[in-house]
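# Coordinate inspection notes
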Amino acid sequence: MLPPELPPLPALTHAEAEFIDRYLAVLDQVGRINPARGSDTYAALRAAQALASHAATLRDALALMHERGENRIHAATLARALRALDGERRAGRVTVPRANGS
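Residues numbered from 1 in each chain as written. Predicted model: local features only at pLDDT ≥ 70, side-chain atom pairs only at ≥ 80, totals over all residues. Heavy atoms only, no water.

## A word on the overall build of the chain
Condition: Put simply, DSSP marks the helices as runs of H or I at least four residues long and the strands as runs of E at least two long, and each gets a number from the N terminus on. Think of it in three bands: with a 1.4 Å probe and only protein chains considered, a residue is buried below 20% of the maximum accessible area for its type, exposed above 50%, and partly exposed in between. Contacts are assigned to residue pairs that have any heavy atoms within 4.5 Å of one another. What sets the accessible areas is the Shrake-Rupley method with a 1.4 Å probe; for residues, cover comes only from the shown protein chains. The convention is simple: Lys and Arg are positive, Asp and Glu are negative, and His and the chain ends are not counted. All charge positions are set by atom: Lys at NZ, Arg at CZ, Asp at CG, Glu at CD.
For the chain, the count of helices and strands is four helices and zero strands. Its helices and strands taken in sequence order, the chain reads α-α-α-α from the N to the C terminus. With 102 residues in all, the chain has 22% of them scored as buried. The contacts of the chain with a sequence gap of at least 6 include a subset with a gap of at least 24, amounting to 86%. Carbon together with sulfur atoms contributes 58% to the accessible area of the chain, which is approximately 7,300 Å² in total. Averaging the locations of the 13 positively and 11 negatively charged side chains of the chain gives two centres separated by 6 Å.

Now the structure itself:
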């Protein structure tokens, strides 16, 4: 069985693509730290340690965009890119799960 075909990525500048990649890396680490979803303190600790470096690369990606004159975030386009890269599922790991029976 073939996996479902992902939607194509929208056209992004190199800096926008870097921004999206770095944002998703931060999101993944925060999802691994989420106390409502984890069960292993060592794994959460490792994710927290990685979060700092991922946050720094996200900051650098945004600084580069700003330096290049890319002063606007095109939310609709970047949201399409996030959806194409499984961002909704990845963001879901950051939330608190509903209680059973709710």
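Next, the rest of the story.
## Looking at helix α3 (residues 75-84)
Helical periodicity: at 3.6 residues per turn, an α-helix aligns residues three or four positions apart in one direction. Quick reminder of the rule: In this context, the arc is that of the directions from the helix axis out to the C-beta atoms.
Of all the positions in α3, only Leu78, Ala81 and Ala84 are classed as buried. The buried residues of α3 occupy one face: seen down the axis, they fall within an arc of 115°. Set apart from the buried face of α3 by more than 90 degrees, the exposed residues are Ala75 and Ala76. Contacts made by the buried residues of α3 are with α1 (14-33). Residue Asp86 follows α3 closely and has a positive phi angle near 70°.

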